[in-house]
Amino acid sequence: MTSALFPTRWLHLATTALLLSINPAAAFSTTSSSCSLKSSIHPSSPRSPRSSTSSSTSLSVASSTTTEYDIVKVDLTNGRDYPIYIGSDFTDAEAASLLRKHIHGKRVLLITNDRIAPMYLERYQQILLSNNDSHDTKQLIVDTVVLPDGEENKTYDVMALILNKALELGLDRKSTFVALGGGVIGDMVGFASAIYQRGVNFIQIPTTVMAMVDSSVGGKTGVNHPLGKNMIGAFHQPQCVFIDTNTLNTLPDRELKSGISEVVKYGLIRDAPFFEWQEKNMNKLLQRDPEATRYAIKRSCENKAEVVQADELEAGVRATLNLGHTFGHAIENGSGYGTWLHGEGVSIGTAMAATMSEKMGWIDEGLKQRIYDILESADLPVKLPKDSPMKVETFNKLMSLDKKVADGQLRLILLQGELGNCKFTGDFDTSALQETIEEFVKEIEA
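These numbers come from a predicted model, not from an experiment. (Residues numbered from 1 in each chain as written. Predicted model: local features only at pLDDT ≥ 70, side-chain atom pairs only at ≥ 80, totals over all residues. Heavy atoms only, no water.)

### A few points about the overall build of the protein
- For the protein, the count of helices and strands is 13 helices and 14 strands.
- Here the protein, with 446 residues, has 59% of them falling under the buried criterion.
- Sequence-distant contacts, at least 24 apart, represent 73% of the contacts inside the protein between residues at least 6 apart.
- Looking at the protein as shown, the accessible area adds up to about 17700 Å², and 50% of this sits on carbon and sulfur atoms. (Helix = DSSP H or I, 4+ residues; strand = E, 2+ residues; numbered from the N terminus. Buried < 20%, exposed > 50% of the residue type's maximum accessible area, 1.4 Å probe, protein only. Contact = heavy atoms within 4.5 Å. Areas by Shrake-Rupley, 256 points an atom, 1.4 Å probe, with all protein chains shown as cover.)

Right under this line is the structure:
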């Protein structure tokens, strides 16, 4: 059995045979800078519990305009560090200046889906082709691929369309793949780039909250299998992540709320001040307030970058980012991919993890209620609907196939102690797990 508890100051890494006692808000450093960003970006933002380096500058490319933006740096070994650019109102020239410097060859394959393509494909193709900087002499060739939208299309066969196009075009190892879209596109493009000619560079341009705060950062890529979500994939880090929050203006409300579930997660597992900020500012996030949105994305990316820096390949602390996911993935798969958005499944899964944690006495009733309250304030589900096909047997079967199972033992991320602390463990009360599953299934049958 393995266990990892995450306390407030230090990160203790140990072998999987040893019980770990760690706080996900550990004191390792992520470089974060603000470009043309005033210190009052959000007056009610909590003070970060971690160390970061900040600077202030501006981006002005061949024009009289400047755009304020943040940079969060993902620190990795062997020169693989990369920036996350976070801003809004980027001009095409500014976007080109930031993106093109991360393209090292002459060929680019820009991939999106059939929902995003009418809104943003032509613009980003032209941005990548632009050469407005006198120091940038590259003449790029940018080809495009448009895939069908939706979680139900996150399959090997659909992903293979990217590989087919790359081979038809004769793209070589210096080519760069660019993912333009949400988490499904980002995961598939990342996986295709990981396996095409044993690895080519890629760039993430996320257009959903879910992708901006979670899936575009950290190098997890993959596709679904009928027997399990994201079961076929690879770790492959991008060259950069470019976030223009203006793309959220076209994001449907349901997808906005889905992404917020991952924002809530960071507060629960490692960043209590951020959770408290969310409790006060959830309405602003739902109303797409620009400053609140940008702050929430930046803070989420800082949390994600720190965890990835500490545990890139998910040997320990990174697994805590999957709070609610084991339950949630089972719900997504068992209900049929596409029935639930990922964040909706995670929201119900988080409620289940909180319920189970409270049943074992690891958190008190008050914290459990705060978790339910914040999810409901974001208009996210906390129980299964009456028409859900989920049964106790369905949960048990699908959860047994989870990627965190080790030597046949299911391991879960559960909450323990004060807000901002969690535990990754296989040492839990199995009766509490079964009681939790039965309780949620009974709500369907009631």
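Next comes the rest of the account.
### Digging into the packing of helix 3 (residues 156-169) against helix 4 (residues 183-195)
- Put simply, helix 3 and helix 4 touch, their axes get as near as 9 Å, and they point 60° apart. In this view, helix 3 runs oblique relative to helix 4, as classed from their interaxial angle. Helix 3 and helix 4 meet at a crossing whose hand is right-handed. Contacts between helix 3 and helix 4 involve Y156, V158, M159, I162 and L163 on the former and, on the latter, M188, V189, F191, A192 and I195.
- Class assignment for the residues of the contact of helix 3 with helix 4 results in 10 nonpolar, no polar and no charged. (Axes fitted to C-alpha atoms, helices over the stretch in contact; angles between N-to-C directions. Parallel < 35°, antiparallel > 145°, perpendicular 65-115°, else oblique. Left-handed = near helix turned anticlockwise from the far one by under 90°. Nonpolar A, V, L, I, M, F, W, Y, C, P; charged D, E, K, R; others polar.)

### A look at the packing of aromatic side chains
- Evaluation of the coordinates by the stated rule reveals eight aromatic pairs.
- Among the aromatic side chains, those forming a connected cluster through ring pairs are Y69, Y85, F90, Y124 and F242.
- Positioned above the aromatic ring of Y124, the side-chain terminus of R123 is 5.4 Å from the ring centre.
- Positioned over the ring face of W362 is K423, at 4.9 Å from the centre of the ring. (Phe/Tyr/Trp six-rings, centres within 6.5 Å; stacked < 30°, edge-to-face > 60°. Lys NZ or Arg CZ within 6 Å of the ring centre and 35° of its normal.)

### Comments concerning the pattern of salt bridges
- Inspection of every chain in the model, using the stated rule, returns 26 salt bridges.
- For D75, the salt bridge is made with K73, and the minimal N-O distance between the two is 3.6 Å.
- For D75, a relative accessible area of 17% gives the class buried.
- K73 sits in the partly exposed class, given a relative accessible area of 31%.
- Residues E332 and K229 are paired through a salt bridge, measuring 3.4 Å at the closest nitrogen-oxygen approach. Of this pair, E332 sits in helix 9 (residues 325-335) while K229 sits in strand 11 (residues 228-235), placing them 103 residues apart in sequence. Of the two residues examined, E332 and K229, each falls in the buried class.
- Because the salt bridges share partners, they merge into one network encompassing D214, E262, K265 and K304. (Salt bridge = Lys/Arg side-chain N within 4 Å of Asp/Glu carboxyl O.)

### Concerning helix 10 (residues 342-359)
- If you check helix 10, its first and last C-alpha atoms are 26 Å apart, about what 18 residues at 1.5 Å a residue would give, namely 26 Å.
- Among the 18 residues that make up helix 10, 16 are buried, leaving the element largely enclosed by the rest of the structure.
- The positive-phi residue at the C-terminal boundary of helix 10 is G361, with phi of around 80°. (Expected span 1.5 Å × (residues − 1).)

### Concerning the environment of Y156
- For Y156, the position within the fold is in helix 3.
- You can call Y156 partly exposed: its relative accessible area is 41%.
- Taking the C-alpha atoms as reference points, Y156 and G233, 77 residues apart in sequence, are found 9.7 Å from one another.
- For Y156, the residues in contact, after removing those within four places along its chain, are L163, F191 and V223.

### What to know about the environment of I413
- Note that I413 resides in strand 13 (residues 412-415).
- Considered as a pair, I413 and H325 are 88 residues apart in the sequence and their alpha carbons are 8.6 Å apart.
- Apart from residues no more than four positions distant in its own chain, I413 is found in contact with A319, T320, N322, L323, A353, K404, C422, K423 and F424.

### Details of the packing of helix 10 against helix 13 (residues 430-445)
- The geometry of helix 10 relative to helix 13 is characterised by a closest axis approach of 9 Å and an angle of 135° between their N-to-C directions. Comparing the axis directions of helix 10 and helix 13 gives the class oblique. The hand of the helix 10/helix 13 crossing is right-handed. Counting all contacts with helix 10, which are made through I348, A351, M352, T355, M356 and K359, the residues of helix 13 involved are A432, L433, E435, T436, I437, E439 and F440.
- Considering only residue class, the contact of helix 10 with helix 13 consists of eight nonpolar, two polar and three charged.

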